[in-house]
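# Survey of secondary and tertiary structure
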Amino acid sequence: MHQPATEPRRSIYYHYQVHQPWLVSQHGPQPRHKVVIAGGGPVGLTAALELARHGVPCVLLESELQVSEGSRAIVFTRRSMEILQQVGVADRVTQHGLPWRFGNSFYRGQRVFRMEAPQDDNDRFWPMINLQQQFLEEFLVDACEAHPLIELRWGNRVTGLVQHEGHAVVEVDTPEGPYTLEAEWLVASDGARSGIRALLDLKLEGASYEGRFVIADIRIDLPLPTERLAFFDPEWNPRNTVLMHREPLNIWRVDYQLPEGETPEEALAPESLKARINAQLELIGHGGKPWEMDWCSVYSARTLTLPDYRVGRTLFMGDAAHLLPIFGVRGANTGFQDAQALGWRLGLICSGQAPESLLASYSQERVGAAWEIIDEAGKSTRFMTPPSRGFRLLRDAVLSLSLTEAFVRPLYHWRTSRPHEYTESKLNSAGDDNALFQSGPAHGAPPANVRIGADDFLLDHLGGGFDLLVFGQGVPADVQAAVQTWKDKGLRLRVLLIGQGSAAEGADVCLPDNEGRARARWGVRTDGAAYLLRPDQHVCARWMTLDAHRLNAALKQATTGVVQ
Ligand SMILES: Cc1cc2nc3c(=O)[nH]c(=O)nc-3n(C[C@H](O)[C@H](O)[C@H](O)COP(=O)(O)OP(=O)(O)OC[C@H]3O[C@@H](n4cnc5c(N)ncnc54)[C@H](O)[C@@H]3O)c2cc1C
């Protein structure tokens, strides 16, 4: 019988709420559900909200009775915030988080590289915002519990799975014993040690790295800005790397690499932690300041992914699908994009507006994203923790040269997580004018935000389904008629007319573009140009001029994956 911990987890700054387990005896017979999600971490919770946004009810099974232990993922990117905005929790993250955009790399006491993440007046969110994962999960839980289409079942652990032609049978263990649950689709977001991956005997592909890091969260009052700090080869930890991040509530994350051969038990011994953190504080000129430990763990970098995120009726996402190094803040940030990419597709499939084969593009796009991230993260990881003598020689040469030679300093760049562009997606329109545009978001790219007013941005107006952005003074009559036909068939599709502040026929939303900002960011030169965005806001078609025939072809391709 599954017995999750009922004692609140320990933390000096976060108050853990222990939720009541969901018990089948209090609810009666279980119908077959459209979607069951296994795992209520940040990715599973976001997936539930995404599905709900697309009108799909779901049951979310979470093994524990409380949110995750320790701060874990602490840096969330702008794209994550744009996704969290759509599921309604970005405001709370903004309210509690610490935004930032600079990173500093130090070697031999000298700052050798200052990373500056681009920030544009047209973006609503900062490039990065720091917040402990427990807070983010709490905000997502609150949003899930408030949503009538989501049933969050605490203390429910998936222990068995049998897949059939059109559904899956899930065995669930609870504090009062097991029950079974049928679902048309099972979403596996049960984390790095995914039991569902094991039940289906699936193997991850990729590499694991030798270097181990201690991750320690301490409370200390340091008069330093919210900027990332990286120290290479510091005197107290020769040949190794140390990272520091400020978190809300005077918590600081200190990540330090362990000397070769040291075990996690040795590393987490209180004397060892104390000596090393004191040494690091000494290094930054704050030795002797009082601090207290909140949470610590040992971490090693892995760059692994499943080769296919659809296995029968089961769809993988988040850490259950891929394991990515924390350098470059890739874990949770990548998972949000998985959740967003799956949500709208399942929405269309469950409402009968798209064939199941559309899911092939989910796997193709997100496995492609994982491999791109693995490639980039591998470079950062090899720089942080050189895996062989050759890599170390090269890394050390860069470090030494960087003291005097500016040209090598960009090699320190951290390659922060960025959204994958689905350039090769089968959903990108085959007959549009993508190649004719000289700038602006191309096939498969995420959207470019645009400031419209003091607290008003273009992305605030997108939502829920496909968005057709028409630049100019009006929407052509044949396009209006085509849009109406799709709407009548039940497709969520909205027309945004950009450049026309007042109401116009056939436009659901009219937005002014007085300074031409939208045209500049979207690479539009003439009236009549248009973009079609999928419900996850990625571009699937763009035209210099649009007519009903071209729009129909693009929408058919984006909802089936088949070129029309
Ligand atoms: C020690 C540690 C430190 C980390 N530090 C960082 C960091 O600094 N930066 C960063 O970007 N990322 C970090 N990560 C990674 C980040 O936390 C993950 O990428 C992120 O949590 C992935 O979210 P997820 O929802 O896919 O998985 P998880 O957060 O692992 O959530 C999985 C959920 O599934 C539940 N579950 C598991 N099995 C079952 C089951 N059989 N049935 C039902 N529920 C189940 C679990 O209880 C959990 O709530 C860290 C991870 C760890 C473990």
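These lines cover the structure that appears in this document, whether it is placed above or below. Here the structure is a predicted model, which is why all the values come from computation and not from measurement. (Residues numbered from 1 in each chain as written. Predicted model: local features only at pLDDT ≥ 70, side-chain atom pairs only at ≥ 80, totals over all residues. Heavy atoms only, no water.)

## Structural notes on the overall build of the chain
Secondary structure summary: the chain contains 13 helices and 26 strands in total. In summary, the chain has a C-alpha radius of gyration of 25 Å against a globular reference of 24 Å for 564 residues, a match within 12%. Relative to its full complement of 564 residues, the chain shows a buried share of 57%. Considering only intrachain contacts with a sequence separation of at least 6, the fraction spanning at least 24 residues in the chain is 72%. (Helix = DSSP H or I, 4+ residues; strand = E, 2+ residues; numbered from the N terminus. Rg over C-alpha atoms; globule rule 2.2 N^0.38 Å. Buried < 20%, exposed > 50% of the residue type's maximum accessible area, 1.4 Å probe, protein only. Contact = heavy atoms within 4.5 Å.)

## Description of the site of the ligand
Not every one of the 28 residues close to the ligand is listed here, only the nearest: Glu 62, Gln 133, Val 158, Arg 253 and Asp 319. In the model, a nitrogen atom of the ligand is placed 3.2 Å from a nitrogen or oxygen of the Ser 63 main chain. At 2.9 Å, a backbone N or O of Asp 319 approaches an oxygen atom of the ligand. Protein coverage of the free-state accessible area of the ligand, which is 1,000 Å², stands at 86%. For the shell around the ligand, the elements supplying multiple residues, two or more each, are helix H1 (42–53), strand S2 (58–62), strand S9 (157–163), strand S16 (292–305) and helix H8 (331–350). Considering only residue class, the shell around the ligand consists of 10 nonpolar, 11 polar and 7 charged. (Near = heavy atom within 4 Å. Polar contact = N/O pair within 3.5 Å; in protein donor to acceptor, adjacent residues only side chain to side chain. Areas by Shrake-Rupley, 256 points an atom, 1.4 Å probe, with all protein chains shown as cover. Nonpolar A, V, L, I, M, F, W, Y, C, P; charged D, E, K, R; others polar.)

## A word on the nonpolar core
Membership of the largest hydrophobic core comes to 108 residues, with the highest contact counts inside it found for Val 35, Leu 84, Leu 468, Leu 532 and Leu 551. Examining the composition of this core, we find that 10 residues originate from one element, H8, more than from any other. Look past the residues within four positions of Leu 532 in its chain and what remains in contact with it is Phe 466, Asp 467, Leu 468, Leu 493, His 538, Val 539, Cys 540, Ala 541, Trp 543, Leu 551, Ala 554 and Leu 555. (Core = buried A, V, L, I, M, F, W, Y, C linked by side-chain atoms within 4.5 Å.)

## Quick look at the sheet that holds strand S3 (residues 75–77)
Strand order across the open sheet formed by 3 strands is S3-S7-S4, with antiparallel pairing between neighbours. Unpaired on one side and paired on the other, S3 and strand S4 (98–100) mark the two borders of the sheet. The sheet shows a mean angle of 30° between the axes of neighbouring strands, direction not considered. As paired strands, S3 and strand S7 (residues 128–130) are joined by 3 bridges and run antiparallel to one another. Residue pairing for S7: Phe 76 is matched across the bridge by Ile 129. Those strands touched by helix H2 (residues 78–86) are S3 and S7, and its axis lies near 75° from that of S3. (Pairing = 2+ DSSP bridges. Axes fitted to C-alpha atoms, helices over the stretch in contact; angles between N-to-C directions.)

## Remarks on the side chain of Asp 433
On the secondary structure map, Asp 433 appears in the loop between helix H10 (389–402) and strand S20 (451–453). A polar atom in the side chain of Asp 433 sits 2.7 Å from the backbone nitrogen of Met 544.

## Quick notes on helix H11 (residues 477–488)
An ideal rise of 1.5 Å per residue puts 16 Å on 12 residues; H11 measures up with 17 Å between its terminal C-alpha atoms. Those residues of H11 not exposed but buried are Val 479, Ala 482, Val 483 and Trp 486. Projected down its long axis, H11 shows its buried positions confined to an angular sector of 100°, all on one face. Away from the buried face of H11 by more than 90 degrees, exposed residues Ala 477 and Asp 488 are located. The inward-facing, buried residues of H11 contact strand S22 (466–471), strand S23 (493–498) and helix H13 (548–560). Residue Gly 490 follows H11 closely and has a positive phi angle near 100°. (Expected span 1.5 Å × (residues − 1). Arc of directions from axis to C-beta.)

## Section: the environment of Gln 537
Tracing the backbone through its elements, the reader meets Gln 537 in the loop between strand S25 (530–533) and strand S26 (539–543). For the pair formed by Gln 537 and Ala 341, sequence separation is 196 residues and the distance between their alpha carbons is 9.6 Å. Apart from the residues within four sequence positions on either side, Gln 537 is in contact with Arg 79, Gln 86, Ala 445, Pro 446, Pro 447, Leu 459 and Leu 462. Looking at Gln 537, its side chain comes within polar contact range of the side chain of Gln 86, at 3.2 Å.

## Brief notes about the packing of aromatic side chains
Applying the stated rule across the entire model yields 12 aromatic pairs. Considering the side-chain rings of Phe 471 and Tyr 531, the 6.3 Å spacing of their centres and the 65° angle between planes classify their relative orientation as edge-to-face. Here Tyr 531 lies in strand S25 and Phe 471 lies in strand S22, a separation of 60 residues in the sequence. Classification of Tyr 531 by relative accessible area gives buried; the value is 0%. A network of ring pairs unites the aromatic residues Tyr 13, Tyr 14, Tyr 16 and Phe 135 as a single cluster. In this structure, Arg 114 is placed above the aromatic ring of Phe 102, and the distance from its NZ or CZ to the ring centre is 4.1 Å. Against the face of Trp 22 rests Arg 153, its NZ or CZ located 3.6 Å from the ring centre. (Phe/Tyr/Trp six-rings, centres within 6.5 Å; stacked < 30°, edge-to-face > 60°. Lys NZ or Arg CZ within 6 Å of the ring centre and 35° of its normal.)

## A closer look at the sheet that holds S23
Overall, mixed pairing links the 5 strands, which are arranged S24-S23-S22-S25-S26 in an open sheet. Across the chains shown, the open sheet's two edge strands, defined by having one partner strand only, are strand S24 (509–511) and S26. For this sheet, the mean inter-axis angle between neighbouring strands, taken without regard to orientation, is 15°. Note: S22 against S23, 6 bridges, orientation parallel. Paired with Asp 467 across the bridge in S23 is Arg 494. Strands S22, S23, S25 and S26 of the sheet are contacted by H13, whose axis makes an angle of about 170° with S26.

## Focus: the packing of H1 against H8
Running from amino to carboxyl end, H1 crosses H8 at an angle of 30°, the nearest separation of the two axes being 8 Å. One finds that H1 runs roughly parallel with respect to H8. H1 and H8 meet at a crossing whose hand is right-handed. Seen from H1, the contacting residues are Pro 42, Val 43, Thr 46, Ala 47, Glu 50 and Leu 51; seen from H8, they are Gly 335, Phe 336, Ala 339, Gln 340, Gly 343 and Leu 346. Of the residues in the contact of H1 with H8, the class split is 7 nonpolar, 4 polar and 1 charged. (Parallel < 35°, antiparallel > 145°, perpendicular 65-115°, else oblique. Left-handed = near helix turned anticlockwise from the far one by under 90°.)

## A look at unusual backbone geometry
We note that Arg 72 has phi near 45°; this positive angle belongs to a residue other than glycine. Inspection of the secondary structure puts Arg 72 in the loop between S2 and S3. You will see that Asp 201, though not glycine, has its phi angle at about 55°, which is positive. Judged by relative accessible area, Asp 201 falls into the exposed class, the value being 58%.

## Some words on the pairing of strand S5 (residues 102–107)
Among the 6 residues that make up S5, 5 are buried, leaving the element largely enclosed by the rest of the structure. Judged from the 6 bridges that link them, S5 and strand S6 (residues 110–116) form a sheet pairing that is antiparallel. Directly across from Phe 102, in S6, lies its bridge partner Glu 116.

These results come straight from atomic positions and should not be treated as a statement about function.
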